[in-house]
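# A closer look at the structure
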Amino acid sequence: MVECAVLSYSGYGHTRRLADAVQRGCDDVDGVMCRNVVISSDGELSAAEWELLDRSAAIVFGSPTYMGGPAWQFKKVAEASSRLWYEQRWKDKLAAGFTNSASMNGDKQVTLQYFFTFAMQHSMIWAGTALMPASTSQARRNDVNFLGSFSGLMSQSPSDASIQEAPPAGDLESGVLFGRRIGACALQWHRGR
Ligand SMILES: Cc1cc2nc3c(=O)[nH]c(=O)nc-3n(C[C@H](O)[C@H](O)[C@H](O)COP(=O)(O)O)c2cc1C
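Keep in mind that what you see is a predicted model, and the values were worked out from it rather than measured.

This brings us to unusual backbone geometry. For the peptide bond that leads from Ala-166 to Pro-167, omega is 5°, which places it in the cis range. For Asp-92, which is not a glycine, the phi torsion comes out positive at approximately 70°. Relative to the helices and strands, Asp-92 is located in the loop between α4 (82–87) and β5 (94–101). The backbone of Ser-123 shows a phi angle near 60°, a positive value even though the residue is not glycine. In this fold, Ser-123 is placed in the loop between α5 (108–121) and β6 (125–126).

Here the focus is the packing of aromatic side chains. Applying the stated criterion across every chain, the model contains ten aromatic pairs. A centroid spacing of 6.0 Å and a plane angle of 85° characterise the contact between Phe-74 and Phe-118, whose relative ring orientation is edge-to-face. With Phe-74 in helix α3 (residues 72–80) and Phe-118 in helix α5, this pair connects stretches of sequence that are 44 residues apart. Summarising the burial analysis for this pair, Phe-74 and Phe-118 share the class buried. A ring pair is formed by Tyr-114 and Phe-118, whose centres lie 6.0 Å apart and whose planes are at 10°; its orientation type is stacked. Residue Tyr-114 and its partner Phe-118 are both found in helix α5; the two are separated by four residues, about one turn of the helix. Residue Phe-118 is classed as buried on the basis of its relative accessible area of 7%. A network of ring pairs unites the aromatic residues Phe-61, Phe-74, Trp-90, Tyr-114, Phe-115 and Phe-118 as a single cluster.

Turning our attention to the site of the ligand. If you check the shell around the ligand, you find 17 residues, and the closest are Ser-10, His-14, Thr-15, Tyr-66 and Met-67. Measuring from an oxygen atom of the ligand, one finds a side-chain N or O atom of Thr-15 at 2.6 Å. Between an oxygen atom of the ligand and a main-chain N or O atom of Gly-68, the distance comes to 2.9 Å. Alone, the ligand offers 640 Å² of accessible surface; in the complex the protein occludes 76% of this. Spatially, the ligand is embedded in the largest pocket. Elements supplying a minimum of two residues to the shell around the ligand: α1 (14–28), β3 (58–66) and β5.

With that settled, the discussion passes to the UniProt feature "domain: NADPH-dependent FMN reductase-like" (unreviewed entry) in the protein chain. Following the UniProt record, the feature "domain: NADPH-dependent FMN reductase-like" (unreviewed entry) maps to residues 51–125 here. Helix makes up 45% of residues 51–125 and strand 27%, and the two end C-alpha atoms of the span are 20 Å apart.

Any two side chains of opposite charge can pair, given that their charged atoms come close. Under the defined criterion, the tally for this structure stands at eight salt bridges. Here Asp-20 ties to Arg-16 by a salt bridge, and the two come within 4.0 Å at their closest N and O atoms. Of this pair, Asp-20 and Arg-16 both sit in helix α1, four residues apart, which is roughly one turn of the helix. Judged by its relative accessible area of 29%, Asp-20 is partly exposed. Where Glu-44 meets Lys-76, a salt bridge forms, and the shortest distance between an N and an O atom there is 2.9 Å. Here Glu-44 is found in the loop between β2 (32–38) and α2 (47–55), whereas its partner Lys-76 is found in helix α3, with 32 residues between them in sequence. Linked by salt bridges that have partners in common, Glu-3, Arg-35 and Arg-55 make up one network.

Thresholds, definitions, all that
- Residues numbered from 1 in each chain as written.
- Predicted model: local features only at pLDDT ≥ 70, side-chain atom pairs only at ≥ 80, totals over all residues.
- Heavy atoms only, no water.
- Helix = DSSP H or I, 4+ residues; strand = E, 2+ residues; numbered from the N terminus.
- Phe/Tyr/Trp six-rings, centres within 6.5 Å; stacked < 30°, edge-to-face > 60°.
- Buried < 20%, exposed > 50% of the residue type's maximum accessible area, 1.4 Å probe, protein only.
- Near = heavy atom within 4 Å.
- Polar contact = N/O pair within 3.5 Å; in protein donor to acceptor, adjacent residues only side chain to side chain.
- Areas by Shrake-Rupley, 256 points an atom, 1.4 Å probe, with all protein chains shown as cover.
- 1 Å grid on protein atoms, 1.4 Å probe; cavity = no way out; pocket = protein on both sides within 12 Å on 5 of 7 lines; lining within 4 Å.
- Sits in = over half its atoms within 2 Å of the grid points.
- UniProt positions renumbered as here; feature names shortened; annotations may be inferred.
- Salt bridge = Lys/Arg side-chain N within 4 Å of Asp/Glu carboxyl O.

Laid out in C-alpha cells, this is it:
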C-alpha cells in the first residue's frame, strides 16, 4: 500500500468537507491508502500525525483562504516542519494543494502559491489538478472545476452558507477527482522509484 495524506485546517468546517472529498478520491485508488491529518485549532499535530506524514508518498495541503493567505494554524505547522526541512525528510514526496473561500476569487491563488513555495522548500514534486475548466457559456456552477484552477484546487463557499450547503456539489466532486489524480500519481511515482 502506498500511503498518502491530506494535511489541512478548517476553522468553520467548509474546507473540512473539501478535504474529506480529496481524501476519499485519493483513497479510492487501488493500492493507495489516504488519511486525513487534521490540524487542531491551536495549530498542532500529534507525534503519530507527524509520523504519518513522514511515511506518506504524497501530501496534499489544504486551508481556507483567510485574509489573502492560508490560516495561521497551517503556517504554524509549516514552520514546525522546518526541523524536517533541515534533514530534507520530505524530499521527493508528491505535493498538491487546495483552498476554499467565500469570494469567487478572494485571492485564493495566494494560498495555493504559498503551498507551492512550501513544497519547493521541502524539495517535493508539485502536481496540479489536471481538470479541464468549465468555462463555456453553457457552464453551470455545479460543473467540475467551475473555478477553473490548474495549479491547485479552488472551491467557493458563500459566506452565509452552512457546511450542509457549501462547498457546492460540483466543487466536492472536483475534490474527489483531484484526490484520485494525486493517488494515481503517487502510485506511479512510488513504483518508478
Ligand atoms: C478571518 C477570515 C478571513 C477571511 N478572508 C477571506 C479572504 O481573504 N478571501 C475570501 O474569499 N474569503 C475570506 N474569508 C471567508 C472564508 O474563506 C470562508 O468563509 C471559508 O468558507 C471558511 O472556510 P472554513 O469553514 O473551512 O473555515 C475569511 C474568513 C475569515 C474568518
